[in-house]
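The residues making up each chain are set out below.
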Amino acid sequence: MTLPPLLIAWLLAVPFVLGALSLRAVGLRFRDDRIGFCGWAWAAGCLLLGALLFVWLHAGVDPALWWTAPVFGALAAGLLAWRHDQRHPRAPAPAVRGGRVFALLAIVVAAVCLFWSLGGAVRPCIEADEGNIWSLRAKSLLVDRGPGFAAAQVWNLHADYPLLDPLLQAWIYSQVGAIVHFENRWLVQLCGAALWLSLAAAVRARLPGLLAMPVALVVVAGADFQAQCRLAYADGMVALGVLMAIDGWLRWRSSGQGRWRGLAVLGLTFALWSKNETVLYLVAFGGAEALSRLWVRPWPGGRGWRSISAWLLPLSVLGAQVWFNRRHGFRSDLFGDNPTGKNLFTLVAEQWRERVPALLSEAWQVMFSVTSAHGAFAVLLVLPILLPKVAFGRHLAAITLLLWASLCGLHVVWVGSFLDLRFHLDTSYQRVLFQLLPATVLWCAAMARVVLDGEPEPAAPEPVPENPPKLIAMPANAISKPRFEVS
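Criteria and thresholds
Residues numbered from 1 in each chain as written. Predicted model: local features only at pLDDT ≥ 70, side-chain atom pairs only at ≥ 80, totals over all residues. Heavy atoms only, no water. Helix = DSSP H or I, 4+ residues; strand = E, 2+ residues; numbered from the N terminus. Buried < 20%, exposed > 50% of the residue type's maximum accessible area, 1.4 Å probe, protein only. Contact = heavy atoms within 4.5 Å. Areas by Shrake-Rupley, 256 points an atom, 1.4 Å probe, with all protein chains shown as cover. Patch = residues over 30% accessible without salt bridge, like charges linked within 9 Å, V, L, I, M, F, W, Y side chains within 5 Å. Salt bridge = Lys/Arg side-chain N within 4 Å of Asp/Glu carboxyl O. Expected span 1.5 Å × (residues − 1). Phe/Tyr/Trp six-rings, centres within 6.5 Å; stacked < 30°, edge-to-face > 60°. Lys NZ or Arg CZ within 6 Å of the ring centre and 35° of its normal. Core = buried A, V, L, I, M, F, W, Y, C linked by side-chain atoms within 4.5 Å. Polar contact = N/O pair within 3.5 Å; in protein donor to acceptor, adjacent residues only side chain to side chain.

**As for the overall build of the chain**
From N to C terminus, the chain includes 20 helices and zero strands. Per-residue burial for the chain yields a buried fraction of 52% across its 487 residues. Intrachain contacts of the chain at a sequence separation of at least 6 include 80% that bridge at least 24 residues. Here the chain displays about 22900 Å² of accessible surface, and carbon together with sulfur accounts for 67% of that area.

Put into structure tokens, the structure is as follows:
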């Protein structure tokens, strides 16, 4: 189907505009990081668009009127951005590394990502997981919005998966007015380009431009990244959200500025609503943060991460997904909704002797490969042993433990899978590990930054602004000229 140019512009402009306003609402401006802002805006805009469509869906709004959702969303985000500007002084822009050469190369690579996305048009979105899980749910959201939705998922192996990816595809269906099999991928595919821009910005914030570019290109050179640009899988979305969350959290810890905590919250929420593995990463982060406190002193401003406002958005999205699954009777295969009827822990106890050696062999071949981007995981596993004071210092301890625990948790899931292990590894191992690959590359850059420049000193927390004082009009004669007396 050939779409009118104005419709294409509308479909693609809506997420970016919503995202730019969302970033402004948390205090981030384009001048703070021109490369990163474009990637962050796409993720934040897709998140807000998905949330609006979720509300419209359950309010019974006809899909023909879903175009009204971003209109109201833009007004609300714009109002929050204006309110933030009124209450907070403009923060100075951080120093930029790399200059115009780095920016030009980043744009060229982003154009290559778009070219790979166009390559996805060679095959329709009707098979494998993108057709049988993600696209199936998107079609059902439009066609079977009522009680028939659960019945339509009878062939869906993961009917409990989060809704952001299907909602983004449903947005395309609703605006085109028909079920399409190529254009429906667009918003998900462009998360690949957003991932690249976010990664380039994150690495550039830690390393000189000439070194940051080849480090960031490690991820782009991998086949899994290219697959995320071509297909409508949600693993690239998780990678983008996790990267934003860790990047924002590290910047917030170092600067004490709340706008970076806002970036971390948006990234975490985006990842949570993309795929279930993010819940594992969130639990791993909580354990890593608590464990690191045994030898790491709390940073100034650390209490701000525990405030209710910081967790309101991610917990709301998580709660909405739990409510949706319970409403339709969806359960995870990890908790017994599988042909064996056994949960993850039971299967781990029964299968670990057979599966652990096979998993260790697979991990060795993939994570310690010198020809694959996944070889970056070898650095994550080995370097902390060689440089424990850096990896487990106050700046990176929680992130190091988070990534270690997340990798271990993923392998526990493969041990307890009800599927044939070889089949499961062939279809998911490298693709799921990719979720942590950009964050691992960021961790490598942060490690190099600490080795080269020393551990950054934590900044004082950003003061909470009070209501700005109102200007009081004074008569012109109330201000007298200064008098000079000569003795």
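**What to know about a nonpolar patch on the surface**
Together, Trp-10, Leu-65, Trp-67, Val-71, Phe-72 and Leu-75 make up an exposed nonpolar region whose accessible area comes to about 600 Å². Ranked by residues supplied to the nonpolar patch, first place goes to helix 3 (residues 68–87) with three residues. With respect to the element layout, Val-71 can be found in helix 3. We classify Val-71 as partly exposed; its relative accessible area is 37%.

**Overview of helix 8 (residues 186–204)**
Owing to its 3.6 residues per turn, the α-helix aligns residues three or four sequence positions apart on the same side. A rise of 1.5 Å per residue sets the reference length of helix 8, with its 19 residues, at 27 Å; its end C-alpha atoms lie 27 Å apart and thus fit the reference within 8%. Taken across its 19 residues, helix 8 has 18 buried, putting it largely inside the fold.

**Remarks on the packing of aromatic side chains**
Within the structure shown, the criterion is met by 17 aromatic pairs. Considering the side-chain rings of Phe-54 and Trp-323, the 6.4 Å spacing of their centres and the 80° angle between planes classify their relative orientation as edge-to-face. Linking Phe-54 in helix 2 (residues 34–58) with Trp-323 in helix 14 (residues 308–328), this pair joins segments that are 269 residues apart in sequence. Ring centres of Phe-149 and Phe-324 lie 5.5 Å apart, and the angle between their planes is 75°; this geometry places the pair in the edge-to-face category. Taken as a pair, Phe-149 in helix 6 (residues 148–152) and Phe-324 in helix 14 lie far apart in primary sequence, 175 residues in all. Phe-324 matches Phe-149 in its accessibility class, with the two residues each being buried. By the ring-pair criterion, three or more aromatic residues cluster together here, those being Phe-54, Phe-149, Trp-273, Trp-323, Phe-324 and Phe-330. Between the NZ or CZ atom of Arg-251 and the centre of the ring of Trp-260, over which it lies, the distance is 4.7 Å.

**Considerations on the nonpolar core**
In this structure, Trp-196, Phe-225, Ile-246, Phe-270, Tyr-429, Leu-433 and Trp-443 are the most contacted members of the largest nonpolar core, which totals 136 residues. The element best represented in this core is helix 2, accounting for 15 residues. For Trp-196, the contacting residues outside a window of four places in its chain are Ala-106, Val-109, Ala-110, Cys-113, Met-213, Ala-216, Leu-217, Val-220 and Phe-225. Ala-245, Leu-272, Ala-310 and Trp-311 belong to the second-largest nonpolar core, a separate cluster that totals six residues.

**Some remarks on helix 3**
With 20 residues, helix 3 extends 29 Å from end C-alpha to end C-alpha; this agrees with the ideal 28 Å at 1.5 Å per step. Along helix 3, the residues that are buried comprise Thr-68, Ala-69, Pro-70, Gly-73, Ala-77, Ala-81 and His-84. Those residues of helix 3 hidden inside the fold are in contact with helix 1 (5–25), helix 2 and helix 7 (164–176).

**Regarding the environment of Arg-293**
The topology assignment puts Arg-293 in the loop between helix 13 (277–292) and helix 14. Residue class for Arg-293 comes out partly exposed when judged on its relative accessible area of 26%. In this structure the C-alpha to C-alpha distance between Arg-293 and Ala-398, which are 105 residues apart in sequence, comes to 8.7 Å. Polar side-chain contacts of Arg-293 include one of 2.8 Å to the side chain of Glu-289.

**Focus on the pattern of salt bridges**
Applying the stated rule across the entire model yields 19 salt bridges. For Arg-431, the salt bridge is made with Asp-235, and the minimal N-O distance between the two is 2.8 Å. Of this pair, Arg-431 sits in helix 19 (residues 421–433) while Asp-235 sits in helix 11 (residues 235–255), placing them 196 residues apart in sequence. Arg-431 gets classed as buried once you look at its relative accessible area, which sits at 14%. Salt-bridge contacts for Arg-422 lead to Glu-362; the nearest nitrogen and oxygen are separated by 3.1 Å. You can see Arg-422 sitting in helix 19 and its partner Glu-362 sitting in helix 15 (residues 344–367), a full 60 residues away along the chain. What makes Glu-362 buried here is its relative accessible area of 12%. Ionic contacts of the salt-bridge type, sharing partners, join the residues Asp-33, Arg-204, Arg-206, Asp-247 and Arg-251 into one network.

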